[in-house]
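Examining the three-dimensional arrangement
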Amino acid sequence: MTSRLDYNHVAPEGMKGLGAAHTYVGASLGMALAELVYLRVSQINGCAYCLDLHTRRLVAEGFTVEKLALVSVWREAEALFSERERAALAWAETVTKVAETTVPDAEFAAVSAQFSGKELADLTLAISLMNAYNRMAIAFRATPAAVKRAAQG
């Protein structure tokens, strides 16, 4: 994969703004939950750069390989995920696929049972943020760290 554009270099102020939202969301939701949501959104969008990054971060947060391997099929592996994680993952899916789902009332009711209004707004911000990051990384072909390491030797 050849990178098309270093968006961090050419638009540093814009990326700084996204970074501030990232810091806010991590502090609000907790990094482990935010990273789990980031991973699921990145799986849906097919973002190699973000999948690499957020998998490594979740390992650092103490997630097991088994849990990471089953994030994309979390409904089938629900015993590995807390009720709050399952609600966040379901919300991440329906919001990321908004054009298909139109975010049904039943999904809103389910996530609202686990998150306060502020938490839900912050969770939705996290999902929206990761969708933005995915689009930047995919559009400009950001190279995953693992790919860079493999190319070096």
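Residues numbered from 1 in each chain as written. Predicted model: local features only at pLDDT ≥ 70, side-chain atom pairs only at ≥ 80, totals over all residues. Heavy atoms only, no water.

On to the pattern of salt bridges. Under the counting rule described, the total for this entry stands at seven salt bridges. In this structure, Arg40 and Glu93 form a salt bridge, with 2.8 Å as the shortest nitrogen-oxygen distance. Here the residue Arg40 occupies a position in helix H3 (residues 31-45), and Glu93 occupies one in helix H6 (residues 83-96), the gap between them amounting to 53 residues. According to the relative accessible area criterion, Arg40 is buried, its value standing at 9%. On the accessibility criterion, Glu93 (8% relative accessible area) is buried. Measuring nitrogen to oxygen at the nearest pair gives 2.6 Å for the salt bridge that ties Lys118 to Asp122. Residue Lys118 and its partner Asp122 are both found in helix H9 (residues 117-139); the two are separated by four residues, about one turn of the helix. Judged by relative accessible area, Asp122 falls into the buried class, the value being 5%. Sharing partners across several salt bridges, the network here consists of Arg40, Arg75 and Glu93. (Salt bridge = Lys/Arg side-chain N within 4 Å of Asp/Glu carboxyl O. Helix = DSSP H or I, 4+ residues; strand = E, 2+ residues; numbered from the N terminus. Buried < 20%, exposed > 50% of the residue type's maximum accessible area, 1.4 Å probe, protein only.)

A C-alpha to C-alpha distance of 6.7 Å links Arg40 and Val71, two positions 31 residues apart in sequence. Beyond its immediate stretch of four places on either side in the chain, Arg40 contacts Val71, Ser72, Trp74, Leu89 and Glu93. (Contact = heavy atoms within 4.5 Å.)

Moving on to the packing of helix H2 (residues 12-29) against H3. Running from N to C, H2 and H3 point in directions that differ by 120°, and their axes come no closer than 6 Å. One element, H2, and the other, H3, form an angle in the oblique class. In contact with His22, Val25, Gly26 and Leu29 of H2, H3 contributes Met31, Leu33, Ala34, Glu35 and Tyr38. The class makeup of the residues in the contact of H2 with H3 is six nonpolar, two polar and one charged. (Axes fitted to C-alpha atoms, helices over the stretch in contact; angles between N-to-C directions. Parallel < 35°, antiparallel > 145°, perpendicular 65-115°, else oblique. Nonpolar A, V, L, I, M, F, W, Y, C, P; charged D, E, K, R; others polar.)

On the surface, a nonpolar cluster with roughly 190 Å² of combined accessible area is contributed by Leu70, Val73 and Leu80. With respect to the element layout, Leu80 can be found in the loop between helix H5 (65-69) and H6. Classification of Leu80 as partly exposed rests on a relative accessible area of 37%. (Patch = residues over 30% accessible without salt bridge, like charges linked within 9 Å, V, L, I, M, F, W, Y side chains within 5 Å. Areas by Shrake-Rupley, 256 points an atom, 1.4 Å probe, with all protein chains shown as cover.)

Bringing the side chain of Asp52 into the picture now. Assignment of secondary structure puts Asp52 in helix H4 (residues 48-60). In this structure, Asp52 is in contact with Pro144, Ala145 and Ala146, ignoring residues within four places of it in sequence.

None of this, on its own, says anything about what the molecule does.
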